[in-house]
Amino acid sequence: MDGRDAVTDAHRDTTDATDEAPPPLAALADWPEPDPQRPVVDLRFEVAADLRQVTGTERIVFRPDLSVCEVVLRAWPNKPATARAGNALEVTELRIDGEVVPPILVPAGAPDGAPATLIEAPLEQCASAGASIVVDLAFEVRLGTATDERLGVAQAGDLAWFGTAFPLLAWERGQGWARDAAVAVPGEMATSETFELRSLEVEVPHGYDVLGVGVPLGVRDDPATGRSTHRFAAPAVRDVTVTVGDLEVLEEDIDGVTLHLGAPAGTRASLDAWRDQVVDVTRSLVDHLGPLPYDDLWVSVLPDQTDGIEYAGAVQFGDVDPEDERWLLSHELAHQWFYGLVGNNQARDPWLDEAFASFVQAVVDDPDRDPFRPPGRLARSDGELGQPMTYWAAQERPGRTYVEGVYVRGSDALVAARDAAGAEAFDAALRDYLVTNAHAIATPDDVRAAFAHLPGAVAVLETAGAFATGS
Ligand SMILES: [Zn+2]
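Rules behind the numbers
Residues numbered from 1 in each chain as written. Predicted model: local features only at pLDDT ≥ 70, side-chain atom pairs only at ≥ 80, totals over all residues. Pairing = 2+ DSSP bridges. Helix = DSSP H or I, 4+ residues; strand = E, 2+ residues; numbered from the N terminus. pLDDT = per-residue confidence, 0-100. Contact = placed C-beta atoms within 7 Å. Buried ≥ 20, exposed ≤ 12 C-beta atoms within 10 Å, placed from the backbone. Axes fitted to C-alpha atoms, helices over the stretch in contact; angles between N-to-C directions. Core = buried A, V, L, I, M, F, W, Y, C linked by C-beta atoms within 7 Å. Domains from an automatic or database assignment.

## Description of the sheet that holds strand β6 (residues 104-106)
Line of reasoning, step 1. Across the sheet, which stays open at both edges, the 4 strands sit in the order β6-β7-β3-β11 with antiparallel pairing between neighbours. Looking at which strands have only one partner, the edges of the open sheet turn out to be β6 and β11 (168-169).
Line of reasoning, step 2. For β6 and strand β7 (residues 118-127), the ladder comprises 3 bridges, and the chain directions are antiparallel. From the neighbouring strand, L105 faces β7, where its bridge partner is I119.

Written as structure tokens, this is what we have:
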């Protein structure tokens, strides 16, 4: 102790700086409040003993901001990529304000033999804006083995995961119902308003670990049935994902965010290695974009997946080495701001989350380690950035053309726009865009408005075709 008196002033200054607490990573309260009229959702999943079947119930209290004559829900597990792997979501009962309503089922892109992706429930009488509509649903989810996607059951070991595996309210405030068709391109195509997840209950055979979303509220064991119910709640999310299995779990409070990491035994990297990279990447993103908009961050490592899928306050990753594949962590975690905080219609305007996430990844990461930029992989074409998923699905090599057109070209266009405007002015406008559109569903017009005072940036995006759809 005495020895410390001998240190030089310079050394003491350094020591003091190091001892200072770093700024908080997560601060939902630093962002604008979500809409007090947002939907309120109670969701319950009961997972079968073999982890291959999930029975669910859901209550949505929905207060539309426009008059509506129907309620429209989406069953995204029935899109081609997941339906073909044996996954399915079927509604078994639908009630509106307590009355049973036979749903109208529209394939909307579901492959032959798969259940519909679009579920419509006509109202007995049209409801005016601001009315409260209570939707009660019962549903069944079937999980396909070894799906390289958002839901499935593992090829090896006791592990199941199910993201977007419940009827998702397809409302866009100010616009109406989003009925965009599912397409056979790997990628997201959902539209979902921020909702309050008032309760999430996941009932599993006793002994399994459960990763959810939001704040964990404890586990209730029922010795009579040998089952346990894990409870969660979240004030503002767009989606829900759950991982159930025989997992190693790490939970740690880091500078204001509670990190929940889970992986089956035998994955490539340790949970400590995941924690270090997730925290480091999150810190870079927070420096660039503002606080993480979730107080809890849930990360599942799923060996049947190859890359990553984003949710609000949660991410699914394949069994990668998080240091070697740091770009993937940057990309998926950037989606916490571009998709989680500021939503978009992922079918109509996929660039609003994918190009921005790729761009942020390019700005915060070492460009030499960016796999989206191998030179000369595909001939590039200009002016297509704002195209919808149906456009990319119609191309000769849909998946690769989509990645090239939206992730690579989109990121390139945003980097060029930043160069044109000056990094400082562009980054400030980007943060304003996040604040202005927090918890909403943004459109390309919102991007144009956010950068309107930087005409050089707008011109670059215009040339890239960012505003082509004029939504
Ligand atoms: Zn992405």
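Read on, since the account is not over.
## Thoughts on the pairing of strand β14 (residues 195-205)
Line of reasoning, step 1. With 7 bridges connecting them, strand β1 (residues 40-47) and β14 associate as parallel partners. By the bridge assignment, L43 is partnered in β14 with L200.

## Here's the deal with the confidence of the model for the protein chain
Line of reasoning, step 1. Averaged over every residue, the pLDDT of the protein chain is 91; residues scoring 70 or more account for 92%.
Line of reasoning, step 2. Below pLDDT 50 for its whole length, residues 1-17 participates in 1 contact with residues either more than four positions away or in separate chains.
Line of reasoning, step 3. Within the model, pLDDT remains below 50 along residues 374-379, and this stretch shows 3 contacts once partners closer than five positions in the same chain are excluded.

## Some details on the pairing of strand β23 (residues 314-317)
Line of reasoning, step 1. A two-sided burial pattern is seen for β23, the buried positions comprising A314 and Q316 on one face and V315 and F317 on the other.
Line of reasoning, step 2. Where strand β21 (residues 296-301) meets β23, 4 bridges bridge the pair, whose relative direction is parallel. Bridge pairing links W298 to A314 in β23.
Line of reasoning, step 3. As judged from the 4 bridges shared by strand β22 (residues 308-311) and β23, these two strands associate in the antiparallel manner. By the bridge assignment for β23, G308 is matched with F317.
Line of reasoning, step 4. The loop that links β22 with its antiparallel partner β23 comprises 2 residues; one of these, G313, has a positive phi angle of about 80 degrees.

## Quick notes on the sheet that holds strand β18 (residues 241-245)
Line of reasoning, step 1. Pairing within the open sheet is antiparallel, and its 4 strands lie in the order β9-β10-β18-β15. Looking at which strands have only one partner, the edges of the open sheet turn out to be β9 (151-153) and β15 (209-211). For this sheet the average axis-to-axis angle between neighbouring strands, irrespective of direction, equals 10 degrees.
Line of reasoning, step 2. Sheet topology places β9 next to strand β10 (residues 159-163); 3 bridges connect them, and they run antiparallel. By the bridge assignment, G152 is partnered in β10 with W161.

## Description of the nonpolar core
Soluble, globular proteins show a tendency: their nonpolar side chains are buried together.
Line of reasoning, step 1. If you look at the biggest cluster of nonpolar residues, it comprises 143 residues, and the most contacted ones within it are A160, F162, L197, V213 and V244.
Line of reasoning, step 2. Taken together, domain 1 (35-203) and domain 2 (344-463) each give at least three residues to this core, which thus spans both.
Line of reasoning, step 3. If sequence neighbours within four positions are ignored, F162 has contacts with V54, V141, L143, L151, T241 and V242.

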